[in-house]
Amino acid sequence: MIPDEPFIRWDWIVTNLGDIGERTWEHVLMTVIAVGVGFVISFVLSLLIVRWRRLYGPVIGTSGLLYSIPSLGLFALLIPLTGVTLLTAEIALVSYTLLILVRNIVAGFDGVPRDVLEAAEGMGYGPWQLLWRVQLPLALPTIVAGLRIATVTTVGLVAVTALIGQSNLGSLIVQRGIRASFPTAILVGAVGSVLLGLIADLGFVGLQRLLTPWARARGG
Amino acid sequence: MTSSAAVVSLEHVSKRYGASGAPEAVSDLSLTIPAGEICVLVGPSGCGKTTTMKMINRLIEPTSGRITIDGEDVMALPAVELRRRIGYVIQQVGLFPHLTVAQNVAVVPHLLRWPEAQIQERVNELLGLVRLEASYRDRYPAALSGGERQRVGVARALAADPPLMLMDEPFGAVDPILRERLQNELLRLQARVRKTIVFVTHDVDEAIKMADRIAILQRGGILAQYDTPDAILAAPANEFVEHFVGADRGLKRLSLARVRDLTLGEPITARPGEPRRDLRARLEAAEADFGLLLDAEGRPLGWVNRRDLGRDGEVASEDATPGSPTLQPETTLRDALSTLLGSSVQLGVVVDEHDRLLGLVSVDAISDVLRSTPSR
């Protein structure tokens, strides 16, 4: 680090605003892909678990194992197979979402009151109508809670993928900051990543309030 | 809001859970429920009453036997379509927490793809029928009281105007006061809609109150007796039924009949102003010791003793001794008996809504009812 370098160089931020914006957008995209794909996989797995309860142990065990592998280790394991690519990064990111999402989606379905299901069945809901019109809406608060955790976690992990050459807010930290001993870039990358996580979290809270007006009825 | 009611018929229906060696939950059950009647399935836990009810809308499929609704085999339709034609009410109500009251009521019409305008009209009609104000339409179930939820549940079951309703211990989870009110509401509602209702309960008093016909089941789903409440209380088919309906079945039977069902006794009556001698002569001719004094409107004032009529002059209202309890035609015989036994004069005066004399009821007249053959 150059001794007379100031901690934050605002002029750098201003001149590189376009670049920072682009990194942020890439960060968002990688997060959306990871959480989106992770959600689809988790949703299907959860439906299978709800149908065949015996699957719960193996699925949770496997996703728990994946979750416990340090991210750098997982990248190292995958690079021989898929190279230093976006695919490698996304496989790792997706696998970290599975444990959180499957657990919350299954808990959401399990939380649908038994009497509601019985009434629905007795009134003539078909299995798909039951899923879409009753189980899913009622499981939504728990599912969204899972999505919040998974998304915030993923936003942080996306930054780490800069170590395997992915371009996002993490690369500001790694390439422009650490390697060039430039604290401003480190700070911009880190603060940007935290802000993204916060915005995503608030977005989900808003989405949930919008989708589940009934959950507020309890208060009167 | 007129609609047909369905005849439901079970023919040799059996249900066995698990392997063929397992004991039967319902055993060779045959019964026919006439259209427009409330049939209560009652029995101790494990008697198969809920299983029997759920076989009608195929939430449970029978192992053998046949169930028909208006002659049509329930197995002839896809289960989902069958259920949309049958109203269903359960103990915990099972309202959808994520739907408003109006949306909950509209559930089956939606499944049946009614036009939206017709659904809305129907929802308004039903909320009126179960006496919920229009302001309830857009509330969520979480904001309702237990009784209101139960009413919405009944409205929801009636939504598509089904000819048959299944009610599984619908008032089992509410406090006794509310239960009584909901029972009365359902009876009033039934007087208007005249559906065929299959009603499951473990409470024999509820069964007696609600039923046109009671099916008493014993363990293993064996039909012990199927008859009107009065007939079951008058002549239990076996020891199990006798035990199940309770030692006070005579009193329970009295709660089924009302004062208006009795032939009322006719007293010798008099009005103030009649010469004492005339009244005395009439009492002697009728070999009666007492006469009932009425006012100008025909309202009873009290009894006049023949022995007090020796003097000359006219009968006056001061001569009357009150003491007889007053009964209404709607009083149940059980309440009437209790009132009579608690009063010094064991002869009740029955009056109409303007307090005018209708006749007399004695303890003997009430106990005669218990000796009579049951109505069917």
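Note that the structure is predicted; figures quoted are calculated from it, not measured.

## Here's the deal with the domain arrangement of chain B
Residue and element names in this part refer to chain B.
Line of reasoning, step 1. According to the domain assignment, chain B contains domain 1 (8-85 + 162-256) and domain 2 (260-371).
Line of reasoning, step 2. Placing the centre of domain 1 and that of domain 2 at their C-alpha centroids yields a distance of 44 Å.
Line of reasoning, step 3. Across the boundary between the two partners, domain 1 contributes 5 residues, which contact 7 residues of domain 2.
Line of reasoning, step 4. Of the residues that constitute the side of domain 1 that touches domain 2, the class distribution is 2 nonpolar, 2 polar and 1 charged.

## A few points about the pairing of strand β15 (residues 347-351) of chain B
Residues and elements named next belong to chain B.
Line of reasoning, step 1. When you tally the buried positions in β15, you get 4 out of 5 residues, the bulk of the element.
Line of reasoning, step 2. In terms of strand pairing, strand β14 (residues 326-327) meets β15 through 2 bridges, oriented parallel. Pairing of Leu327 across the sheet is with Val350, part of β15.
Line of reasoning, step 3. Each parallel crossover has a hand, and the one from β14 via helix α13 (residues 333-341) to β15 is right-handed.
Line of reasoning, step 4. Two strands pair when backbone bridges link them, and β15 and strand β16 (residues 357-362) are joined in this way by 5 bridges, in the antiparallel orientation. When the bridges of β16 are listed, Val349 appears paired with Leu360.
Line of reasoning, step 5. Hairpin connection between β15 and β16: a loop of 5 residues separates the two successive antiparallel strands, and Asp355 in this loop has a positive phi of roughly 65 degrees.

## Points about the sheet that holds strand β2 (residues 24-33) of chain B
Residues and elements named next belong to chain B.
Line of reasoning, step 1. Here 4 strands make up an open sheet; going across it, the order is β2-β1-β4-β5 and the pairing antiparallel. If you trace the sheet from one side to the other, it starts and ends with β2 and β5 (72-73), each paired once.
Line of reasoning, step 2. Strand direction decides the pairing type here: strand β4 (residues 64-69) and β5, joined by 2 bridges, are antiparallel. Note on β5: the bridge partner recorded for Ile69 is Glu72.

## Details of the interface of chain A and chain B
Line of reasoning, step 1. With 18 residues of chain A in contact, the opposing surface of chain B contributes 20 residues.
Line of reasoning, step 2. Elements with a contribution of two residues or more to the side of chain A that touches chain B: α6 (114-123) and α7 (127-160) of chain A.
Line of reasoning, step 3. The biggest single contributor to the side of chain A that touches chain B is α6 of chain A, with 7 residues.
Line of reasoning, step 4. Split by residue class, the side of chain A that touches chain B holds 9 nonpolar, 5 polar and 4 charged.

## Focus on the sheet that holds strand β13 (residues 300-305) of chain B
Residues and elements named next belong to chain B.
Line of reasoning, step 1. The strand order β11-β12-β13 describes an open sheet built from 3 strands, whose pairing is mixed. This sheet does not close on itself; its edge strands, each paired only once, are β11 (269-270) and β13.
Line of reasoning, step 2. Here 2 bridges tie β11 to strand β12 (residues 290-294), and the two strands are oriented parallel to one another. Across the sheet, Ala270 pairs through a bridge with Leu293, a residue of β12.

What counts and what doesn't
- Residues numbered from 1 in each chain as written.
- Chains lettered and ligands numbered in written order.
- Predicted model: local features only at pLDDT ≥ 70, side-chain atom pairs only at ≥ 80, totals over all residues.
- Domains from an automatic or database assignment.
- Contact = placed C-beta atoms within 7 Å.
- Nonpolar A, V, L, I, M, F, W, Y, C, P; charged D, E, K, R; others polar.
- Buried ≥ 20, exposed ≤ 12 C-beta atoms within 10 Å, placed from the backbone.
- Helix = DSSP H or I, 4+ residues; strand = E, 2+ residues; numbered from the N terminus.
- Pairing = 2+ DSSP bridges.
- Right-handed = clockwise from strand over helix to strand, strands pointing away.

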